[in-house]
Amino acid sequence: MNQWSARWYEFVKKRSHFALWSTFIKWIVLGSVVGLLSGTASAFFLKSLDYVTDVRLEHPWLLYLLPLGGVLVSFLYMRYGKNSAKGNNLIFEQIQDGTETIPLRMAPLVLFGTLVTHLFGGSAGREGTAVQMGGSLAECFGKLIKISPLDRKILLMCGISGGFGSIFGTPLAGTLFGLEVVTIGLISQQALLPCFVASFVGDLVTTRLWGVHHTHYVVNEFPALSLSIILKVVLASVIFGLVSILFSELTHFLKRTFTSMISNPMLKGAIGGLIIIALVFIVGSRDYLGLGIPLIQDSFEGEVSPFAFLWKLIFTAFTLGTGFQGGEVTPLFAIGATLGNTLAGILHVYGPFLAALGFIAVFCGATSTPIACFLMGIELFGSEGAIYMFIACVVSYLFSGHSSIYTSQLIGVSKSQFISIPQGTRISGVKKKK
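The following refers to the structure shown. Everything numeric here is computed off the predicted structure, so don't read it as measured data.

On a plain count of helices and strands, the protein comes out with 18 helices and 3 strands. Per-residue burial over the protein gives 58% buried out of 434 residues. Within the protein, contacts between residues separated by at least 24 positions form 75% of all contacts whose residues are at least 6 apart in sequence. Of the roughly 18600 Å² that the protein leaves accessible, carbon and sulfur atoms contribute 66%.

Shown next as C-alpha cells:
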C-alpha cells in the first residue's frame, strides 16, 4: 500500500458513513464489471451451444465422432490446461485461501471443450462452463486493477454468481449460489451486495443486451396445503437427496477408476466416447444426450419413461467421468424432473408439481445449496408453491449427507450433530476418512 492509499484508507476509516458509501459504490462498480463480462461470455456460450446442438440433431452421424472429440478435448487440457483441469474446484480453492492463479485460458478452454462435448453428443451441462468463465474473467479483471487479496475472494464469488445467474436467468439464485457453494453451512454476508450486482447485471446483459432467451417451464397448479401432501413431498425429497448422492458418488468413482486404469487422458476420452455410443445402442434412444432439456419439457408436459432419470444419470456420469467438459447442473435438473414425474404416478400427485420439486431438490442435494435452489424454484415456477419448494430443498439437503459434485467444497457446519466433521474439512477429505 503506497503513501497516498494509506492516507485515503485512514480518511475513510474515520468517517463511518462515508466508508459505507465508499464500499457500496465500489462493489456496485466492480460487481457490474464482472456481471458485464460473465453475462457477455454466457450469452456467447448459450448461442454457440444452441448452434452446435442444432447441428448435432440435424446430423446424427456426428455421434460416432464422439471418441475423437474426447481425444481432442483431453489433448488440449493435457497440453495447455495445467491447473485449469481442476475446473470449478480451482475457483473454490482460491476463495478458500488458495495460492494458485486462475488462468485466463480457463475460459476459452472450457468453452471450446463443452461445445465439442455437445456437438458430438456427450451428456453434460452448462453451469460449470459459465462459472469457470466467470471466475477466470473476474480473476483477470482483479489482476488488471491490482485488487487486494480479500477483495479478490469476493470478486471470484462475483464471478460464480455472475456466471450462474446469467446462464440460467435466475439472478437471485445466482447470488446465493455464489455465497453458499464455497463452504457448506456458512454464507459470507460481506459478499452479498457484490454477488447480487454481478448476478443481476449478468442476467440483464445476457437477456437484454444480447437477446438470449431462457427456457421456461410451467406448473399450472400447486396442491392445497395438507398433511398428506406434505408427507408425500417429504418422502419424495428424501429420494431426491439419495439420488443426488448416487449421481455425485458414481461420477467421482468413474473419474477415479478411469484415471487409475488409463494413464493417457486422450485414450480415456476416446473410450468414454465409445461407452456413450454403446449406451445409446443399449437404450435404443438418443434422448439422454446433450443437456436433457427435452426430457425436462416432457416431465412438465406429459410423461417420461419410469427409468429416464436413471439413464440420464448414467449417461452424464460416464461423460464427465471420462474427461469430457461441461457442467452437471442441467443434467441434474433433467434427472430431478424426470424422477419427480415418475414418483408423481406412484404417490398420486400432479406430475408437473413433483417434477418442479425434483428439478430443484436433486440439484440442491448434489451441491448443498438449499437457499439458492429454493430461490431458483420461485424464480422459475412462481411463489405459489414456495412452502413445498422449501421443504423439498431442506429435506434433500439433509439426506444428501456430506456428498457433493464439488470435491473442494468446505464443510463449515456438519449437517448433523451426530456426525463429527472438523470445520474446514473438504468433501474430498470426508471421503478419505470413510
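Glancing now at the pattern of salt bridges. What the rule picks out here adds up to 5 salt bridges. When the shortest N-O distance is used, the salt bridge between Lys86 and Glu100 registers 2.6 Å. With Lys86 in the loop between α3 (66-81) and α4 (88-95) and Glu100 in the loop between α4 and α5 (106-119), this residue pair connects regions lying 14 residues apart in the sequence. Each of Lys86, Glu93 and Glu100 takes part in one network of salt bridges that share partners.

With respect to the helices, strands and loops of the structure, Ser400 is situated in the loop between α17 (386-399) and β2 (410-411). For Ser400, the side chain forms a polar contact with the main-chain oxygen of Gly365, separated by 3.2 Å. Those residues in contact with Ser400, other than ones at most four positions away along the chain, are Gly241, Ser244, Ile245, Gly365, Ser368 and Lys415.

Here the focus is the nonpolar core. Membership of the largest hydrophobic core comes to 131 residues, with the highest contact counts inside it found for Phe300, Leu354, Phe359 and Phe381. Other than its neighbours up to four places away in sequence, Phe359 contacts Tyr217, Ile296, Phe300, Phe333, Gly336, Ala337, Met376, Leu380 and Phe381.

The subject of this paragraph is the sheet that holds strand β1 (residues 183-184). Two modes of strand pairing occur in sheets, parallel and antiparallel, and in both the strands are linked by backbone hydrogen bonds. If you trace the 3 strands from one edge of the open sheet to the other, you get β1-β2-β3, paired in mixed fashion. Only two strands of the sheet have a single neighbouring strand rather than two, namely β1 and β3 (425-426). Pairing of β2 with β3 involves 2 bridges; the strand directions are antiparallel. Bridge pairing in β3 links Leu410 to Arg426.

Another aspect to go through is unusual backbone geometry. Of note in this structure, Lys82 is not a glycine but carries a positive phi near 50°. The residue Lys82 is located in the loop between α3 and α4 in this model. In this structure, Lys146 is a non-glycine residue whose phi angle is positive, near 55°. In this structure Lys146 comes out as exposed when scored by relative accessible area, which is 75%.

Interhelical geometry of α3 versus α5 gives an angle of 170° and a closest axis separation of 9 Å. With respect to their mutual orientation, α3 and α5 come out roughly antiparallel. Together, Leu66, Gly69, Leu72, Val73, Leu76, Tyr77, Tyr80 and Gly81 of α3 and Leu109, Val110, Phe112, Gly113, Val116 and Thr117 of α5 make up the contact between the two elements. Grouping the amino acids of the contact of α3 with α5 by side-chain chemistry returns 10 nonpolar, 4 polar and no charged.

Each value, and the rule that gives it
Residues numbered from 1 in each chain as written. Predicted model: local features only at pLDDT ≥ 70, side-chain atom pairs only at ≥ 80, totals over all residues. Heavy atoms only, no water. Helix = DSSP H or I, 4+ residues; strand = E, 2+ residues; numbered from the N terminus. Buried < 20%, exposed > 50% of the residue type's maximum accessible area, 1.4 Å probe, protein only. Contact = heavy atoms within 4.5 Å. Areas by Shrake-Rupley, 256 points an atom, 1.4 Å probe, with all protein chains shown as cover. Salt bridge = Lys/Arg side-chain N within 4 Å of Asp/Glu carboxyl O. Polar contact = N/O pair within 3.5 Å; in protein donor to acceptor, adjacent residues only side chain to side chain. Core = buried A, V, L, I, M, F, W, Y, C linked by side-chain atoms within 4.5 Å. Pairing = 2+ DSSP bridges. Axes fitted to C-alpha atoms, helices over the stretch in contact; angles between N-to-C directions. Parallel < 35°, antiparallel > 145°, perpendicular 65-115°, else oblique. Nonpolar A, V, L, I, M, F, W, Y, C, P; charged D, E, K, R; others polar.

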